[in-house]
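This is what each chain is made of:
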Amino acid sequence: MLLERRRSPLSPALLAQVGIGWAALSGLLLIVGWSAIGGLKFPDPDDIMRLVQVRDLIAGQSWFDVSQYRVDSANGGVPMHWSRLVDIPLVLVIMALSPFVGMANAELAAIIIVPLFTLAIAMLLAARIAWRLLGEDEAIMTCVAIAVSVPLLFQFGLLRIDHHGWQIVCALTAMNGLMARKASTGGWVAGSAVAFWLTISIEGLPLAAAVFGVLALRWIRNRNERDWLVRGMQALAAVSAVLFLLTRGVGDLATYCDAIGPAQIGMFCWGALVFGVMSKAEPLPLPAIWLGFVVAAGGAIGLMLMAAPQCAGGGFAALDPMVKYYWYDRVHEGLPIWQQLQLEAALHYAVAPLIGIFAVLNLISESRDWLRRFWIDYAIVLIAAFAVSLLVARAGAVAGALAAVPLAWQIRKWLRAIRLMRAPTPRVIATAGVALALLPALPVMLFGWAMPAQASLGGVAALEAKAPKASKCQIAETSRLLRNLPAGEIFAPLDIAPRLLLETDHSVIATGHHRGQAGMKVVIETSLASADDARIALSARGTNYVAICADLGEPRMYAHIAPQGFVANLIDGEPPEWLEPIELNSNSSLKVWRVSGN
């Protein structure tokens, strides 16, 4: 039987254990990722775009203006939906170090330090739950579970400076808030964590609903715990409003479906008002409490639909059908787990959360009183996180982080049972099973088993299965020559456009960011069009250059769909006569042409 432990919120022993684990993991990441650091091989185009945004801020762009003016500059640029909150640690490191090591080295330090710092916070938050409720060994094992989680290591990896690591930190902070013994403290911590989470990325909304569902359940279970929901909603409303004013200001009060704005804050304020009135009116009959919850939720949804009816279909409902089909529906990390390219990817996302759910159910059965109720709440949020990850694979990192604590407890329990085994064969088999719980995709990676490539028309998965393992698209090698060209607009596939922005002073038609869907449609249509139609489209825009890397999945997709199209001709080495090749003197697969007459 598990008993409630009463440990200090933080202790030198906990900090030492997490610090040692973090230092060892960071050293390993540095060794493994050294070549990526030297070649600035960012994990994702979004990380490159984040650094571009930070550079613009340091160069003097307004704090309240996150538009990218070198993307679709012919139409005034693209207003990004990203929050400045994620820029802050990057800017602080760069500005602190640049006077001593120069801007380039300061940037390099920032894209190493910030992800590792985010990893340290996440490890501490997860280990703190295990430390306070389970034990010292479980806290250490929690750090191990994080260290071997591929989805987590990807989001905290070197050069991974986009917002996903911070989302994980916010989720773990909310769970630490739920662990507090005082609603006045825990409610505000949980609500504030959710406010930061949604400000960073509104895609956290489903799990925010799960957290507040737990707070509502606490009210239902015990009327004296109603302050959890009241304080949590007050924190969500107040902190969201403050963060909006601090990061967006009052210059743009329009309602967007992909970012927290006045309409969403109005929803939160409505909830805080209704719950506050209900709390003052207690004791209430149970049906009245349920009715109050319906009024709060229904009123909030009604306010949102009145202010922005276009948001009923979600943040991407207004995407152009062509952009949705050829871009959004083919972003692997946004696809369901069962549509991932390889079996090991699905295993990495699914196994740890499933074992974590199994473990937390065991924790519930072995606990009593407050501890039992807490693990029930934990199970609700973990199951919700896993359900979301089934539909959107990148959410699997949050599910993996939440699963680390119960997984650690279960692993420790299994290891204790293994030590009591006398027969060597069962002991070896059981030990192998524990190893597979931590490294579920190991057999697949060792034996090279993989899921069949998807067979949809123009499917990127099918093409990447045939593509070279390592692209030679080294834009940095040619950056000096490209910067020496007269500044102009480049037609380029969406995936390499951010790198062109980072390495040069040129502009691009579009990047893979949905608010720039007008430019994205131009890129897709032009890629699939005939050479003559492509010339008309690019001449109308005044585009100066064309650039592609033929060994990447995106141009190969265009060539597969339209074998006689513009990009297919470029891949086949048959550029139209109106393109003048630019000699790059590089081993890179990047090819660049000048558009004659523009």
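Placed above this text is the structure.
Residues numbered from 1 in each chain as written. Predicted model: local features only at pLDDT ≥ 70, side-chain atom pairs only at ≥ 80, totals over all residues. Heavy atoms only, no water.

**Remarks on a nonpolar patch on the surface**
The grouping of Leu 28, Ile 31 and Val 32 at the surface amounts to a nonpolar patch, some 340 Å² of accessible area in total. Counting through the fold element by element, Ile 31 comes out in helix H1 (residues 12-32). (Patch = residues over 30% accessible without salt bridge, like charges linked within 9 Å, V, L, I, M, F, W, Y side chains within 5 Å. Areas by Shrake-Rupley, 256 points an atom, 1.4 Å probe, with all protein chains shown as cover. Salt bridge = Lys/Arg side-chain N within 4 Å of Asp/Glu carboxyl O. Helix = DSSP H or I, 4+ residues; strand = E, 2+ residues; numbered from the N terminus.)

**Describing empty space enclosed by the protein**
Picture a little ball the size of a water molecule; that probe, rolled over the atoms, points out where space is still empty. Tallied over the entire structure, the rule returns two cavities of 30 Å³ or more. Reported here for the largest cavity is a volume of approximately 130 Å³. Taken together, 17 residues line the largest cavity, and the ones lying closest to its centre are Ala 145, Val 148, Ser 149, Ala 352 and Leu 438. For the lining of the largest cavity, the secondary-structure elements that each account for two or more residues are helix H7 (150-155), helix H15 (343-365), helix H17 (396-419) and helix H18 (424-438). The volume enclosed by the second largest cavity comes to roughly 60 Å³. Taken together, the elements giving at least two residues each to the lining of the second largest cavity come down to helix H5 (103-133) and helix H8 (164-178). When residues in the lining of the second largest cavity are grouped by element, the largest group, three residues, is from H5. Its residues placed into classes, the lining of the second largest cavity shows five nonpolar, three polar and two charged. (1 Å grid on protein atoms, 1.4 Å probe; cavity = no way out; pocket = protein on both sides within 12 Å on 5 of 7 lines; lining within 4 Å. Points joined across faces, edges and corners; volume = space filled by probe spheres on them. Nonpolar A, V, L, I, M, F, W, Y, C, P; charged D, E, K, R; others polar.)

**Details of the pattern of salt bridges**
Overall, the coordinates contain 19 salt bridges when judged by the stated rule. Across the pair Asp 87 and Arg 50 runs a salt bridge, and its minimum N-O distance is 3.0 Å. Of the two residues, Asp 87 is situated in helix H4 (residues 87-101) and Arg 50 in helix H3 (residues 45-58); the sequence distance between them amounts to 37 residues. By the burial criterion, Asp 87 is buried, and Arg 50 matches it. Across the pair Arg 499 and Glu 503 runs a salt bridge, and its minimum N-O distance is 3.0 Å. Of the two residues, Arg 499 and Glu 503 both sit in helix H22 (residues 497-503), four residues apart, roughly one turn of that helix. As far as the burial class goes, Arg 499 and Glu 503 line up, both buried. (Buried < 20%, exposed > 50% of the residue type's maximum accessible area, 1.4 Å probe, protein only.)

**Looking at the environment of Leu 97**
As for its placement among the helices and strands, Leu 97 is situated in helix H4. The class for Leu 97 is partly exposed, based on a relative accessible area of 29%. Ignoring sequence-local partners within four residues, the contact set of Leu 97 consists of Gly 102, Ala 106, Ala 109 and Ile 113. (Contact = heavy atoms within 4.5 Å.)

**A look at the pairing of strand E5 (residues 545-549)**
Summarising burial for E5: five of the five residues are buried, a large majority. Where burial is concerned, the two faces of E5 agree: the one with Tyr 545, Ala 547 and Cys 549 and the one with Val 546 and Ile 548 are both buried. The pairing of strand E3 (residues 489-491) with E5 spans two bridges and is classified as parallel. Opposite Phe 491, over in E5, you have Val 546 as the bridge partner. In the sheet, E5 pairs with strand E7 (residues 590-595) via five bridges, with the strands oriented antiparallel. By the bridge assignment, Val 546 is partnered in E7 with Trp 593. (Pairing = 2+ DSSP bridges.)

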